[in-house]
Structure formats: structure tokens, C-alpha cells
Amino acid sequence: MAWLCARTVLQTCRRPISYSLTCAQKNFADPLDHATGVDKKEMLAKLAGNDDPYNLTIKRRAHSTKETPNVVYSSFESRIIGCICDEDAMHVNWMWLHQGAPRRCECGHWFKLVEKAPL
């Protein structure tokens, strides 16, 4: 008899869990509304379609000459770049580019630094 009493007590203590639709309809704030400073500028650039606002992605070299060099953007007067001269190369040739005349890599490709306004 005691087990029957304990069973009814446990059954009456259980509460069903209910899920309402109001929980599913809550909207969270847009991260753009809370972002400030550089983070907000980066988000705005990505919304405008610029996926690489800091020009950090690896770019393929095009055939280049002194008159038509590969363009490298920077908001500073100089920038260090790496050139993988051969596809099978196991090292990167690093060099400094300065604004002004184009510079030639050891492999024969030309690079020129062009000023770009910062974000």
C-alpha cells in the first residue's frame, strides 16, 4: 500500500513541459547595431560586398612587366609582401615595397605599391 501512495505522489508532482510559440518568435538584436569602431567598419565593408577590406588574401600573380606591374594596396608608405616564385617552391621570397617606382622580384615579376585609404 505504501508503494501505491508513493507512486501517486510522484505522478501528481510531475508537470508537463509546454513550449509556446512566443519563445520561437523572439528576435535577437542585429550584431551591426551593437558593433562599434573597427568592427563596425569591417561589417559595413562586408555588407557593401568587400570581403577583404584589409587586402590580406593571397592573390595570384599576373604576367607583369615594369610598365604593368602587379598592384599591391596599402594605407602606409611601405608594405612587406611575399612572392612564391615557383609553384613547387618550398620557401617564400619576402621583400619590402615602398611607394613610388615598381620593384622586381628575383623571379622577374614586378610589383607596385598603391595607396589605398584605410577603413
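Everything numeric in this text was worked out from a predicted model, so none of it was measured.

Now for the pairing of strand β1 (residues 70–74). Of the two faces of β1, the one holding Asn70, Val72 and Ser74 is buried and the one holding Val71 and Tyr73 is not buried anywhere. Where β1 and strand β5 (residues 110–115) come together, 5 bridges link them in parallel fashion. Along β5, the bridge assignment pairs Tyr73 with Val114.

Grouped together as the largest cluster of nonpolar side chains are 8 residues: Val72, Ile81, Cys83, Met95, Leu97, Cys105, Phe111 and Leu113. Put simply, the parts of the chain that give this core at least two residues each are β2 (78–83), β3 (93–98) and β5. Those residues within four positions of Ile81 in sequence are excluded, and the remaining contacts are Val72, Asn93, Trp94, Met95, Leu97 and Phe111.

Right, let's talk about the UniProt feature "binding site: Zn(2+)" (unreviewed entry) in the chain for a bit. When the UniProt feature table is mapped onto this chain numbering, "binding site: Zn(2+)" (unreviewed entry) sits at Cys83, Cys85, Cys105 and Cys107. Separation in sequence by 25 residues is not matched in space for these annotated residues, since their most distant C-alpha atoms are only 8.7 Å apart. Topologically, Cys85 is positioned in the loop between β2 and β3. Discounting chain neighbours no more than four positions away, the residues touching Cys85 are Arg61, Asn93, Cys105 and Cys107. With respect to the helices, strands and loops of the structure, Cys107 is situated in the loop between β4 (103–104) and β5.

Rules behind the numbers
Residues numbered from 1 in each chain as written. Predicted model: local features only at pLDDT ≥ 70, side-chain atom pairs only at ≥ 80, totals over all residues. Heavy atoms only, no water. Buried < 20%, exposed > 50% of the residue type's maximum accessible area, 1.4 Å probe, protein only. Helix = DSSP H or I, 4+ residues; strand = E, 2+ residues; numbered from the N terminus. Pairing = 2+ DSSP bridges. Core = buried A, V, L, I, M, F, W, Y, C linked by side-chain atoms within 4.5 Å. Contact = heavy atoms within 4.5 Å. UniProt positions renumbered as here; feature names shortened; annotations may be inferred.

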